[in-house]
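Secondary and tertiary structure notes
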Amino acid sequence: MLMKFGNVTNAESLFRTMKKKNIITYNTMMKGYTWNNMCDKVLDLFEQIQLNLDDISYTIIFNACAQLSNDRAKQIGKKLLDEMPKNLKENKYIQNSAIDMLMKFGDVKKAEDLFQTIKKKDIITYGVMMKGYTLNHICDKALDLFEQIQLNLDDISYTIIFNACAQLSNDRAIKIGKKRLDEMPKNLKENKYIQNSAIDMLMKFGDIKNAEILFKMFEKKDIITYGAMMKGYNINNEPLKSLKLFEEIKKNELKIDEIISMILIDTCAKIGIRSICESVVNQFPSYLYSNQYICNALIGMWGKAGLVKNAQKIFESVDQPDVITYNAMINAYGKNRMGLEAIDLYRKMPNKLRNEFSYSCILNACSHSGLLDEAYSIFNEISHKTQQVITTMVDCLSRLFLFDEAKQLIEDYEKCNAPDSVMYMALLSGARNSRQSHLSQEIHKRMKLLFPNEKNLLISASILLCNISSSLGHHEEAQAIRLDRIKEFGNKVKAGLSWTEVNGEVVQFTAHDQSHPQSKEIYAEAQRISSELIKYGHVHDGSWITRPLREYETVESVLCSHSERLAIAFNFIEGRKPSFIQITNNLRVCGDCHQATKLIAKIRQVEIV
């Protein structure tokens, strides 16, 4: 009772007064420590026991070792399993706890060996095994095992299968996940845990429509359900829908907890608009600012919103910055072209804290600020150059059009490692920016040869290659590449989006968007801005148009209808004269829009981020 109250001190005092303790007393105490997340104390107490353990003792100790999963826990857990009396080795509860423990240790082989020894496997045993595969990111094996099950699934089994399908999100997982959801017994369809897992799965499949249908079926939505839906919107680049759900949460007077706060910070980071970030964060309870996970996420958010001073303020408020805190701040500097500040902080960061993400952040910061010598210096200092570190350096060299050096890095890496698709994508991206058609075709061919099964990667690579051909005026060649892509992968291309905020309203635009009620005024303003640009010497660069012009189009009319240009124009309609405009994009800004935006800022005397 005392342990369930969380009153550990009084429980310990009572335990000490007992002169003769039997194994049940020890079990009760160890179980209480586990409930209160004090698993080290479970192992301390276990080491004092002079009695024979029973089946419950083994289950409790294995669960404690699984929760800890540190060196001490691994040593105790494995030793206990090896030395366990033969009569207990066939106890299902112990076997299931032992499999769970081994899986959490990452010892999949030993867990599989134990699983094979179990003659009569029940649904709990299958569930523990599938969950273990999911924890160890071997979700294909979880689905293989699921297909062998001849028993009726329970609620936990459905949750595990949906989580495995969500992690994989390949054709097989989508087929299995959707079929299971459709054929699920009616009594389980109202189980909140299953519903939340199903929403998460559908969102990771990109099936927003069915996730929304399932969400609307909920009569009473709790904070976990809202969280699953909001997270799904963020994954699918629909942060404005996530914000609308936040308004619902407030109307329903649900408590904003740490998880919802983290999701909201991610939502704000994706929108990236300062006023929205400030408005949302100001509604957080003050106690959240003592949570380091929240602080780390806020640093990243302010960096993406371009408010580096706010990120610095949060960073300085953290008493003991961890590796994530340092990495977030270095990344914030890097995203805002403050490479020298990023290097200064990296040098102040304790060596023992640095990890491969620290190296990637600092090399990225150097890359975005054009600090090649500094990037080389840091890269040469790194003793263990992982795939991620080398990929970042390849990206750095490719951005600066140093392709021979970038290709040499890839060649050296491949002498001892399998080819990495992200490295080639970084190289191709640089070739696109420098409009090197021959090099781009060479890289694309190699990618098709090396990574035939990476569908999304090959779609992105094909789009880049198509854009290069278009930018050089080779429209027939570009059309041929486009048709090949559609034939092989379908017409799946990510739409370019821009967001801006005016008078508290966040508005989203696509290229050539006519959906806004004030569309006529927006296009008229865009035309006025275009005329001003031409007057000040801007020449519209048609090489950024990635398709042939239609009869009624001109280079000027197409470029002025890009999503960011419409978003800028929206800020000026109705005679508005803003002093600050912020636009957030989900894809890169084209070169013409980049040059035009700088000139608009000068002509209209407005700060544009």
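This report concerns the structure included in the present document. As the structure is a computational prediction, the values presented were derived from the model and not from experiment.

Definitions and limits used
- Residues numbered from 1 in each chain as written.
- Predicted model: local features only at pLDDT ≥ 70, side-chain atom pairs only at ≥ 80, totals over all residues.
- Heavy atoms only, no water.
- Pairing = 2+ DSSP bridges.
- Helix = DSSP H or I, 4+ residues; strand = E, 2+ residues; numbered from the N terminus.
- Axes fitted to C-alpha atoms, helices over the stretch in contact; angles between N-to-C directions.
- Contact = heavy atoms within 4.5 Å.
- Phe/Tyr/Trp six-rings, centres within 6.5 Å; stacked < 30°, edge-to-face > 60°.
- Buried < 20%, exposed > 50% of the residue type's maximum accessible area, 1.4 Å probe, protein only.
- Expected span 1.5 Å × (residues − 1).
- Polar contact = N/O pair within 3.5 Å; in protein donor to acceptor, adjacent residues only side chain to side chain.

A few points about the sheet that holds strand 4 (residues 583-585)
Strand order in the open sheet made by the 3 strands is 2-1-4, with antiparallel pairing throughout. Since the sheet does not close on itself, it has two edges, and those belong to strand 2 (505-510) and strand 4, each with one partner. Taking each pair of neighbouring strands and ignoring which way they run, the sheet shows an average axis angle of 25 degrees. The pairing of strand 1 (residues 497-502) with strand 2 spans 6 bridges and is classified as antiparallel. Its bridge partner lying in strand 2, Leu-497 is registered against Thr-510. Contacting strand 1, strand 2 and strand 4, helix 34 (residues 563-570) runs over the sheet at an angle of about 145 degrees to strand 2.

Re the packing of aromatic side chains
For the structure shown, the criterion picks out 10 aromatic pairs. With 6.4 Å between their ring centres and 35 degrees between their planes, Phe-215 and Phe-218 make a pair best called tilted. Of the two residues, Phe-215 and Phe-218, both sit in the buried class. Arranged with centres 6.1 Å apart and planes meeting at 20 degrees, the rings of Phe-401 and Phe-403 form a pair that is stacked.

Structural notes on helix 5 (residues 55-68)
Its 14 residues place the ends of helix 5 20 Å apart at the C-alpha level, agreeing with the 20 Å of an ideal helix rising 1.5 Å per residue. Turning to helix 5, its buried residues are Ser-57, Tyr-58, Thr-59, Ile-60, Ile-61, Phe-62, Ala-64, Cys-65 and Ala-66. Looking at the buried positions of helix 5, the neighbouring elements they touch are helix 3 (23-35), helix 4 (39-46), helix 6 (71-82) and helix 7 (92-105). One side-chain oxygen of the residue at the start of helix 5 lies 3.2 Å from the amide nitrogen of Ile-56, identifying that residue as Asp-54. Just beyond helix 5, the residue with positive phi is Ser-69, at close to 50 degrees.

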